[in-house]
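Here is what each chain is made of, one letter per residue.
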Amino acid sequence: MNYKNVPAAKIRVASPVIGEKEKRYVNDCLESGWISSIGSYIARFEEGFAKFCGVKHAIATNNGTTAIHLALVALGIGPGDEVILPTLTFVATANAVRYCGATPVFVDCDEETLNIDVQAIESKLTVRTRAIIAVHLYGHPVDMDLILELAEKNDLFVVEDAAEAHGAKYKGRIVGSIGTCATFSFYGNKILTTGEGGMVTTNDDLLAAKLRIYRGQGMDPNRRYWHPVIGYNYRMTNIVAAIGCAQLERVDEALANRKRLAAWYSSGLAQIAGLVLPVQKYYAEHVYWMYTVLLPEGGAAKRDSVCKFLESRGIETRPVFFPMHVMPPYEEDWARYPKATEFAERGISLPTHELLTQDEVAYICECLEYAIKRVGLSICA
Ligand SMILES: *Cc1c(COP(=O)(O)O)cnc(C)c1O
């Protein structure tokens, strides 16, 4: 393949891996009639996921956004509270803070990892700060130590938004086990998927009990139809959990496949002058939810034409998320977040999924190199 030979089938940016086991487990639900939010797959998925994260409790939810909202509610976050989070994240993180009536306080990004700039957090703390949300963006873990230290000193909760980072490790500790609690997503493009789904993990027994109560309409676990608090219906169905069980049984393979894919990209793109490849810091085990590159300096204005060229060659891509501070509900002075503003405009997420072949990755690398030259962003190597 070369950049002139467009493949017959479009190369998708993400694709789930669904096998026979998923079908068998789902069929088991359908045949047994346990299709709603009671059934053995739910406990099995929760227990398996807790074990995978090395925590005591995992509470399944219907998606990753409700998982974050549920975590904040169970921590007692409400109006008047401030929650610190990165401006460069998927919108769900900020929205969940707003659902609680609390105020999101944004922090710019680190220029190497694109994660929250941990050095910039302290200056954002006020008497109203209650929590810090650490988003492990694109699968690279946040540098957690300073966050944990600040939290300890100022009596703050730490919520890990690990929606994009199943299995990633920080200094050998798996994400999901580091903060007060952590949230995950199992949306169709995530590392493990159930279609739609989410999870909250924690080692805190009392918090786990609260999470379960708020997830199920606030009902008292010992008194049916008695609701001491206003809860939600954020439950996962047994069918969804069945898919999750099958996915979890192949998680090691999924992580290994992504690591191999990232290595193909890194060697295929290494010679493109000025292109910034994803880093893996000394403290990190990256899981490459998305293999995200930054175009060479000055590339922001050319990003969309690069993506359009790739599209014309049958390659789907995604721009990096718009940072929160540029969007209408959250808009602030852009100049306060210079790095996130710039990197979001220069960033492209390349196709990252387990079904990609080495030949396809080589083709994508070749097309990207050509596209960069074509828009005048780098001199021919
Ligand atoms: C996907 C994602 C979510 C939300 O998950 P859904 O399951 O789509 O609701 C939250 N935070 C981040 C960082 C995500 O990437």
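Here the structure is a predicted model, which is why all the values come from computation and not from measurement. (Residues numbered from 1 in each chain as written. Predicted model: local features only at pLDDT ≥ 70, side-chain atom pairs only at ≥ 80, totals over all residues. Heavy atoms only, no water.)

Considering the packing of aromatic side chains
Summed over the entire model, instances satisfying the criterion amount to 16 aromatic pairs. With a centroid separation of 6.0 Å and 10° between ring planes, the pair formed by Tyr138 and Trp289 is classed as stacked. Of the two residues, Tyr138 sits in the loop between strand E4 (129-135) and helix H5 (144-154) while Trp289 sits in the loop between strand E10 (284-285) and strand E11 (291-294), which places them 151 residues apart along the sequence. Trp289 matches Tyr138 in its accessibility class, with the two residues each being buried. Ring geometry for Phe309 versus Tyr370: centroids 5.4 Å apart, planes at 40°, classification tilted. With a gap of 61 residues between them, Phe309 in helix H9 (residues 303-312) and Tyr370 in helix H11 (residues 358-374) connect regions that are remote in the sequence. (Phe/Tyr/Trp six-rings, centres within 6.5 Å; stacked < 30°, edge-to-face > 60°. Helix = DSSP H or I, 4+ residues; strand = E, 2+ residues; numbered from the N terminus. Buried < 20%, exposed > 50% of the residue type's maximum accessible area, 1.4 Å probe, protein only.)

Considering the site of the ligand
Around the ligand, 16 residues are found, and the nearest of them are Gly64, Thr65, Glu164, Ser185 and Lys190. Interatomic distance of 2.7 Å between a backbone N/O atom of Gly64 and an oxygen atom of the ligand. Between Lys190 and the ligand, the recorded distance is 3.1 Å, taken from a side-chain N or O atom to an oxygen atom. Protein contact buries 93% of the 380 Å² of open area that the ligand shows by itself. Of the residues forming the shell around the ligand, the biggest block, 3 residues, is contributed by helix H3 (residues 64-74). Here the residues of the shell around the ligand sort into 6 nonpolar, 7 polar and 3 charged. (Near = heavy atom within 4 Å. Polar contact = N/O pair within 3.5 Å; in protein donor to acceptor, adjacent residues only side chain to side chain. Areas by Shrake-Rupley, 256 points an atom, 1.4 Å probe, with all protein chains shown as cover. Nonpolar A, V, L, I, M, F, W, Y, C, P; charged D, E, K, R; others polar.)

Thoughts on the pairing of strand E13 (residues 347-350)
Of the two faces of E13, the one carrying Gly347 and Ser349 and the one carrying Ile348 and Leu350 are both buried. Of the strand pairs in this sheet, E11 and E13 are connected by 4 bridges, and their pairing is antiparallel. For Tyr291, the partnering residue across the bridge sits in E13 and is Leu350. Two elements, strand E12 (residues 318-319) and E13, share 2 bridges in a ladder whose sense is antiparallel. The partner of Pro319 across the bridge, within E13, is Ile348. (Pairing = 2+ DSSP bridges.)

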